[in-house]
Amino acid sequence: MKRIIFIIVLVLVAGSWGGNLWYYHRSQLPEPVFLNHFIEVENSPGYSFDLLYLENKSAKTKLQWIEIPELPNVQISPIPDVNSYAHQTQGTMRVQIMDYDLVQPEFPEKGPLVIHRVLAHFDDNSSKEMEIGEIQVFRPDPKLGAAPVQGTSSGSSSYKAGFARVKFKKDARLTGINSTYLPSLADRFNVILDTKSIRHLEQKEISYSSEGINSGVPLEKIPFPLKFKSGETATVTYQLALPDGVGPIARTDVYRFLLHMELETDQGERSKEVIFVDIAPYLTGREVADFVQARRSGE
Amino acid sequence: MKILFYRIGYGLVFVIFNIRVMVDLLPNTIGYLMILSALSELRKKERSFNLGMWSAAVLSVISIPNFFQVNELNLNQPALSLNYLLILSLAENLMQWVLMYSICEGCFKLAAIRGKGDLASSIRFRWRFYFGCSALYMIAYPFILNTQVIGVILFSSVAMFIAFFMIILIVRRAGRELSIPFERRV
């Protein structure tokens with residue numbers, strides 16, 4: 001055996017071990033981390049939301065469960081290992097708001113209850129506060145009546161888009177479409193409305209799935225209030241379109257909030273029809289790797 | 001002389017098979033000590049076995065932790081960082097090359113001196129095959145830390161096992177053929 005072959009093989013072995021250990025080391029998250037959430041939820045039984053987190057596969061201590069001190073009336077179900085990547089796993093903490101007879105959260109005088117941190121418990125009995133983005137919990141408004149509309153169809157897709165179609169049961173006016181997060185997400189969240197009375201206005205298209213394209217008038221150009229007669233339909237389509245320069249951490253943001261169609265009947269009865277916006281990223285291995293690099297460099 | 005080659009063969013059986021019931025029932029350390037004792041005799045006949053004797057001595061020490069604990073990376077759940085067990089495992093693999101090289105080289109030279117060309121070329125082929133398979137394995141192995149592709153690792157580890165076994169067989173054959181006194185050709 002020629003010595004040169006020995007040397008080449010030894011160099012290859014050393015390179016393979018050194019390179020792989022180096023790459024492995026720099027693919028580790030410094031600590032478990034929750035993705036950034038934009039959550040809006042009503043404090044009523046049956047409402048729920050998911051908090052998504054990433055942790056290293058090789059972590060000696062794993063995230064076991066969480067507590068949200070501000071919300072004593074929730075049940076939290078940990079679902080670890082929802083998705084598995086080369087070095088990380090993505091888990092979910094499912095939070096469900098339970099019955100009214102439990103201790104209720106304390107709401108501020110005005111506005112919703114805003115939560116930014118949860119208390120995370122690990123399997124070595126340690127615990128610490130972790131950032132989760134933002135959860136806004138609001139009280140159900142007892143003054144609101146039943147909406148004079150009936151949902152006929154709705155859908156959402158991996159295109160980060162969805163729609164909801166409603167049919168009016170009574171004559172009513174649509175006075176606005178709102179959401180707590182709409183002002184802060186104006187650069188990335190598009191909403192359009194389609195109904196017969198505004199089809200002459202400038203239209204915009206959103207493709208919400210591989211087959212479906214909905215067109216409608218962008219929210220900012222709708223001349224509210226709009227009058228609807230019984231039997232007429234309206235379709236709200238939304239889409240998350242991230243701006244080009246957005247960083248790898250923002251690409252993993254989780255959106256679960258409510259779009260409110262604010263309605264008023266001719267008798268002056270106000271009500272809201274709620275559209276659930278649920279855009280959770282289905283992360284690719286590449287996106288997770290970029291996320292880890294961004295976290296490691298302290299972005 | 002035959003018994004010394006057979007001892008190497010049995011020693012290699014201890015090395016290749018790991019039957020684990022809490023501890024390794026066929027400890028590598030015992031295998032290396034058997035090889036060590038055989039090589040310390042054989043080196044009197046052929047100097048190439050010297051290197052193997054020393055590497056068997058080193059291997060018999062560094063394989064002791066392996067008797068109590070598995071020091072391999074798990075293919076399904078690659079975890080662990082660079083710890084001393086991993087270093088020992090890597091060192092054992094590298095030293096095995098030296099040992100196998102020395103055994104094959106010594107056998108090859110003895111066979112060549114006796115004019116047993118068939119045996120010599122078979123030893124040379126099997127050593128090259130073993131070296132190729134184990135080199136592939138050693139290069140591919142750390143990739144389980146970062147990729148989920150384990151096909152190459154499985155393939156090369158099976159090939160290495162076969163190559164190892166082929167060397168055990170050729171060492172036994174060398175023992176049989178080399179123990180016969182010089183044949184007289186007419």
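Residues numbered from 1 in each chain as written. Chains lettered and ligands numbered in written order. Predicted model: local features only at pLDDT ≥ 70, side-chain atom pairs only at ≥ 80, totals over all residues.

A short note on the overall build of chain B
Tallying secondary structure elements over chain B gives 7 helices and 2 strands in all. Each helix (α) and strand (β) of chain B, taken in turn from the N terminus, gives the series α-β-β-α-α-α-α-α-α. For chain B, the proportion of its 186 residues judged to be buried stands at 39%. Sequence separation of at least 24 residues holds for 65% of the intrachain contacts in chain B that already meet a minimum separation of 6. (Helix = DSSP H or I, 4+ residues; strand = E, 2+ residues; numbered from the N terminus. Buried ≥ 20, exposed ≤ 12 C-beta atoms within 10 Å, placed from the backbone. Contact = placed C-beta atoms within 7 Å.)

Describing the confidence of the model for chain B
Looking at chain B as a whole, the pLDDT averages 83, with 87% of positions reaching at least 70. The complex model carries a pTM of 0.78, and its ipTM stands at 0.80. (pLDDT = per-residue confidence, 0-100.)

Some remarks on the pairing of strand S3 (residues 48-56) of chain A
Residue and element names in this part refer to chain A. Bridge count between strand S1 (residues 33-34) and S3: 2 bridges; the pairing is antiparallel. Counterpart to Val33 in the pairing with S3 is Leu54. Bridging between S3 and strand S6 (residues 88-97) involves 9 bridges; their strand directions are antiparallel. Note that in S6 the partner of Ser48 across the bridge is Gln96. (Pairing = 2+ DSSP bridges.)

So, the domain arrangement of chain A
Residues and elements named next belong to chain A. In terms of domains, chain A is made up of domain 1 (33-140) and domain 2 (149-279). Centre-to-centre separation of domain 1 and domain 2, based on C-alpha positions: 27 Å. Of the residues lining the interface, 9 residues belong to domain 1; the matching set on domain 2 comes to 11 residues. Contributions of two or more residues to the side of domain 1 that touches domain 2 are made by strand S2 (37-42) and S3. Grouping the constituent residues of the side of domain 1 that touches domain 2 by class yields 5 nonpolar, 3 polar and 1 charged. (Domains from an automatic or database assignment. Nonpolar A, V, L, I, M, F, W, Y, C, P; charged D, E, K, R; others polar.)

Notes on the packing of helix H6 (residues 117-140) of chain B against helix H7 (residues 151-179) of chain B
Residue and element names in this part refer to chain B. At their nearest, the axes of H6 and H7 sit 8 Å apart, and the two run at 155° to each other. By the angle between their directions, the pair H6 and H7 is classed as roughly antiparallel. Regarding H6 and H7, the two cross each other, and that crossing is left-handed. Along the lines of polarity and charge, the residues of the contact of H6 with H7 split into 18 nonpolar, 4 polar and 3 charged. (Axes fitted to C-alpha atoms, helices over the stretch in contact; angles between N-to-C directions. Parallel < 35°, antiparallel > 145°, perpendicular 65-115°, else oblique. Left-handed = near helix turned anticlockwise from the far one by under 90°.)

Here we look at unusual backbone geometry
Residues and elements named next belong to chain A. Residue Phe224 is joined to Pro225 through a cis peptide bond whose omega torsion reads -5°. Mapped onto the elements, Pro225 comes out in the loop between strand S14 (213-218) and strand S15 (226-228). Even without a glycine there, the phi angle at Asp81 is positive, about 55°. The residue Asp81 is located in strand S5 (residues 74-84) in this model. On the basis of neighbour count, Asp81 is assigned to the exposed category, with 12 C-beta atoms found within 10 Å.

Thoughts on the sheet that holds S6 of chain A
Here 4 strands make up an open sheet; going across it, the order is S1-S3-S6-S5 (chain A) and the pairing antiparallel. Edge positions in the sheet fall to S1 and S5 of chain A, since each of these pairs with one other strand and no more.

A look at helix H2 (residues 285-296) of chain A
Residue and element names in this part refer to chain A. Taking 1.5 Å as the rise per residue, H2 with 12 residues should run 16 Å; its terminal C-alpha atoms sit 16 Å apart, in good agreement. In this structure, the buried side of H2 is in contact with S3 and S6. Just downstream of H2 lies Gly298, where phi reads positive at about 70°. (Expected span 1.5 Å × (residues − 1).)

Focus on the environment of Asn178 of chain A
Residues and elements named next belong to chain A. Position of Asn178 among the secondary structure elements: in strand S11 (residues 172-178). Separated by 84 residues in the primary sequence, Asn178 and Glu262 have C-alpha atoms spaced 7.6 Å apart. Apart from residues no more than four positions distant in its own chain, Asn178 is found in contact with His260 and Glu262.

Some thoughts on the sheet that holds strand S9 (residues 149-157) of chain A
Backbone-to-backbone hydrogen bonds pair the strands of a sheet. The strands run either parallel or antiparallel. All names here are of chain A. If you walk across this open sheet you meet the 6 strands as S9-S10-S16-S12-S14-S13, and the pairing is antiparallel. The two strands at the open ends of the sheet, each matched to only one other strand, are S9 and strand S13 (204-207). Shown here is a sheet whose adjacent strand axes are inclined to one another by a mean of 35°, direction ignored. In terms of strand pairing, S9 meets strand S10 (residues 161-168) through 8 bridges, oriented antiparallel. Counted as the bridge partner of Ser154 is Ala164 from S10.

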